Each structure stands twice: as structure tokens, then as C-alpha cells.
Amino acid sequence: MTRSDLVEELAARFGQLTHRDAEFAVKTILDAMSDALVRGHRIEIRGFGSFSVNRRPPRMGRNPRSGESVHIPEKRVPHFKPGKALREAVDRRTEEMGGVTPQ
């Protein structure tokens, strides 16, 4: 699902929202989530999951072409942990479809 798909779904479910209002709502929510993660906050949406920022320590890597060692600096990366309800729903729907994952 893309951002555009999410906007379309929101506009379809809530008839009182125009496409522009739905687009603004999705953008506002995603921007607020991004800003919270940039500030180092954790986001928890009950029944869906939580977003946090993980630290990847600096390490030594290897250039695959030349084989020389390369220093890889520390990084902070976003991490999503699905909630129990989401994990169970995905598992249940996957089983209902005969174990085939949709693409």
C-alpha cells in the first residue's frame, strides 16, 4: 500500500472528507510521526505496533570490490515492532489464503 492508496482508502471510508482533506490528514499524521522519531521519541499505536529509533554502533566493514577495510559510522535507524493484534491478524489471514502471501 502506498501513501496514495492510503489517501484513497481514507477518502472512500469517510464520505465527508474530500480527497484533499484526506491527503492533508495522511500527510499531517506521517509528518508528526517522523518528527517524533527524529526527536528520539517512541510511538505506540495500540493494536498496531510501535515505532522507535535503534542505534547501530560504528563498525568496520569491507569494500566488496577492493577488499579493503572501511569504517562505517554510527547510525540511528527507525524500527517497527508489530503489536500482538496485528501479528495475529496477518497470521490468520495468511492461513485463510492457504499460506500464500499476496504481492
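Treat the numbers as computed from the prediction; the structure is a model and nothing was measured.

Points about the pattern of salt bridges
Piece 1. Taken as a whole, this structure holds six salt bridges when the rule is applied.
Piece 2. Glu44 is the partner of Arg46 in a salt bridge, and the nearest nitrogen-oxygen pair spans 3.1 Å.
Piece 3. One network of salt bridges, in which partners are shared, links Arg42, Glu44 and Arg46.

Focus: the packing of aromatic side chains
Piece 1. Considering all chains together, one arrives at two aromatic pairs under this definition.
Piece 2. Aromatic side chains Phe48 and Phe80 sit 5.4 Å apart centroid to centroid with 45° between the ring planes, which places their arrangement in the tilted category. Pair noted here: Phe48 is in the loop between strand 1 (43-45) and strand 2 (49-56) and Phe80 is in strand 5 (residues 75-82), with a separation of 32 residues, a long-range link.
Piece 3. Plain terms: the ring middles of Phe51 and Phe80 are 4.8 Å apart, the flat faces sit at 45° to each other, and that makes the pair tilted. With a gap of 29 residues between them, Phe51 in strand 2 and Phe80 in strand 5 connect regions that are remote in the sequence.
Piece 4. Its relative accessible area of 30% is what places Phe80 among the partly exposed residues.
Piece 5. An aromatic cluster of three or more residues is present, and its members are Phe48, Phe51 and Phe80.

The rules behind the values
Within any chain, residue numbers begin from 1 and follow the written order of that chain's sequence. Where local features are concerned, this predicted model is filtered to residues with pLDDT of at least 70; where side-chain atom pairs are given and counted, the filter is 80 or more; whole-chain, interface and lining totals use all residues. Note that the side-chain values use all heavy atoms of the structure and ignore hydrogens as well as water. A pair is scored as a salt bridge if a Lys or Arg side-chain nitrogen falls within 4 Å of a carboxyl oxygen belonging to Asp or Glu. In this scheme Phe, Tyr and Trp rings, the latter by its six-membered ring, pair at centre separations within 6.5 Å, and the angle between planes marks the pair as stacked below 30 degrees, edge-to-face above 60, and tilted otherwise. Here a strand is any run of E in DSSP of at least two residues, a helix any run of H or I of at least four, and the numbering for each starts at the N terminus. Under the scheme applied here, a residue whose accessible area is under 20% of the maximum for its type counts as buried, over 50% as exposed, and between as partly exposed, the area being computed with a 1.4 Å probe on protein chains only.

Worth remembering: the numbers are spatial, not functional.
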